[in-house]
Amino acid sequence: MRLFVGLGNPGAKYARNRHNIGFMAVDEIARRHGFSPWRRRFQGETSEGALGTERVILLKPTTYMNDSGRSVQEAASFFKIAPGDVTVFHDELELPPGKVRVKIGGGIAGHNGLRSISAHIGNDYRRVRLGIGHPGVKEMVHGHVLSDFAKADNDWVTTLCDAVAEHAALIAKGTDATFANRVHLAMQAKGFLKDENGKE
């Protein structure tokens, strides 16, 4: 069994925030793969289903970002899921918009959701880092992550969440590099992720 955690803040006013792209990704996984209706438990909301041959629990903590670890620990303890079978989907400032990287363990790069999770279950979980871009100066970071995606961002955000959901079974079975590559190709096919020279 796998635990897929989407990070975000609960409530309508945060729904389109850049910080909530983790919620958006797991919402799309649930929708695309016909998971069960969301239900409130473990200080969050859960939905259950299958990705390929793996049974997967989706979790959206409703504790606010800084306390996400409490919800993750409750769910992981209840289902007896080891940190290595936990995957966290979260916004990543250090990646360009629409870029995806997958890593296991490592630093938290100032992300309060990851800090809370690491404090509760240790550091050996998988992170799916969803690029939202950096505003350019450190002083603008807080406002950047807690403001809504611009209208101009809608197409790439939708394409990214679609691609993550379409290839989510690859994460469930642990083929991280293939997952990241498929998502990248899906983004390029729609005209996103061009390099500095305008080439895809």
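Residues numbered from 1 in each chain as written. Predicted model: local features only at pLDDT ≥ 70, side-chain atom pairs only at ≥ 80, totals over all residues. Heavy atoms only, no water.

Structural notes on the pattern of salt bridges
Here is step 1 of the chain: Taken as a whole, this structure holds 12 salt bridges when the rule is applied.
Here is step 2 of the chain: Of the charged contacts, one joins Arg-41 and Glu-48 as a salt bridge, the two residues approaching to 2.6 Å between their closest N and O atoms.
Here is step 3 of the chain: What makes Glu-48 partly exposed here is its relative accessible area of 22%.
Here is step 4 of the chain: A single network of salt bridges, built from pairs that share partners, joins Asp-27, Arg-40, Glu-45 and Lys-60. (Salt bridge = Lys/Arg side-chain N within 4 Å of Asp/Glu carboxyl O. Buried < 20%, exposed > 50% of the residue type's maximum accessible area, 1.4 Å probe, protein only.)

Examining the environment of Asp-176
Here is step 1 of the chain: You can see Asp-176 is positioned in helix H7 (residues 176–189).
Here is step 2 of the chain: Each C-alpha atom of the pair Asp-176 and Arg-101 lies 8.9 Å from the other, and the pair is 75 residues apart in sequence.
Here is step 3 of the chain: Apart from residues no more than four positions distant in its own chain, Asp-176 is found in contact with Val-102, Ile-104, Arg-126 and Ile-171. (Helix = DSSP H or I, 4+ residues; strand = E, 2+ residues; numbered from the N terminus. Contact = heavy atoms within 4.5 Å.)

Observations concerning the UniProt feature "binding site: tRNA" (unreviewed entry) in the protein
Here is step 1 of the chain: In the numbering adopted here, UniProt assigns the feature "binding site: tRNA" (unreviewed entry) to Tyr-14, Tyr-64, Asn-66 and Asn-112. Lining the largest pocket, from the residues just named, are Asn-66 and Asn-112.
Here is step 2 of the chain: With respect to the element layout, Tyr-14 can be found in the loop between strand E1 (2–6) and helix H1 (21–32).
Here is step 3 of the chain: Checked against the element boundaries, Asn-112 lands in helix H3 (residues 112–121).
Here is step 4 of the chain: Residues contacting Asn-112, with those up to four places away along its chain left out, are Met-65 and Asn-66.
Here is step 5 of the chain: Only 2.4 Å separates the side chain of Asn-112 from the side chain of Arg-115, close enough to count as a polar contact. (UniProt positions renumbered as here; feature names shortened; annotations may be inferred. 1 Å grid on protein atoms, 1.4 Å probe; cavity = no way out; pocket = protein on both sides within 12 Å on 5 of 7 lines; lining within 4 Å. Polar contact = N/O pair within 3.5 Å; in protein donor to acceptor, adjacent residues only side chain to side chain.)

Comments concerning the side chain of Asn-20
Here is step 1 of the chain: Its place among the elements puts Asn-20 in the loop between E1 and H1.
Here is step 2 of the chain: Setting aside residues up to four positions removed in sequence, Asn-20 forms contacts with Leu-7, Gly-8, Asn-9, Tyr-14 and Ala-15.

Topic: the sheet that holds strand E3 (residues 44–51)
Here is step 1 of the chain: A sheet is described by the order of its strands in space; here 7 strands give the open sequence E2-E3-E4-E1-E5-E7-E6, paired in mixed fashion. This sheet does not close on itself; its edge strands, each paired only once, are strand E2 (39–41) and strand E6 (100–104). Taking each pair of neighbouring strands and ignoring which way they run, the sheet shows an average axis angle of 30°.
Here is step 2 of the chain: As paired elements, E1 and strand E5 (residues 86–92) share 4 bridges and run parallel to each other. Bridge assignment links Val-5 to a residue of E5, and that residue is Val-88.
Here is step 3 of the chain: Lying on the sheet, H1 is in contact with E1, E3, strand E4 (54–61), E5 and strand E7 (126–131); it crosses E4 at an angle near 145°.
Here is step 4 of the chain: Docked against the sheet, H7 engages E6 and E7, running at close to 170° with respect to E6. (Pairing = 2+ DSSP bridges. Axes fitted to C-alpha atoms, helices over the stretch in contact; angles between N-to-C directions.)

Comments concerning the nonpolar core
Here is step 1 of the chain: Within the largest apolar cluster, 35 residues are counted, with the highest numbers of intra-cluster contacts made by Phe-4, Ile-29, Phe-89, Leu-130, Leu-160 and Val-164.
Here is step 2 of the chain: The set of elements that each furnish at least two residues to this core consists of H1, E4, E7, helix H4 (141–145), helix H5 (154–166), helix H6 (168–172) and H7.
Here is step 3 of the chain: Ile-29 has contacts with Phe-4, Phe-35, Leu-51, Leu-58, Phe-89, Val-164, Ala-165 and Ala-168, leaving out every residue within four places of it along the chain. (Core = buried A, V, L, I, M, F, W, Y, C linked by side-chain atoms within 4.5 Å.)

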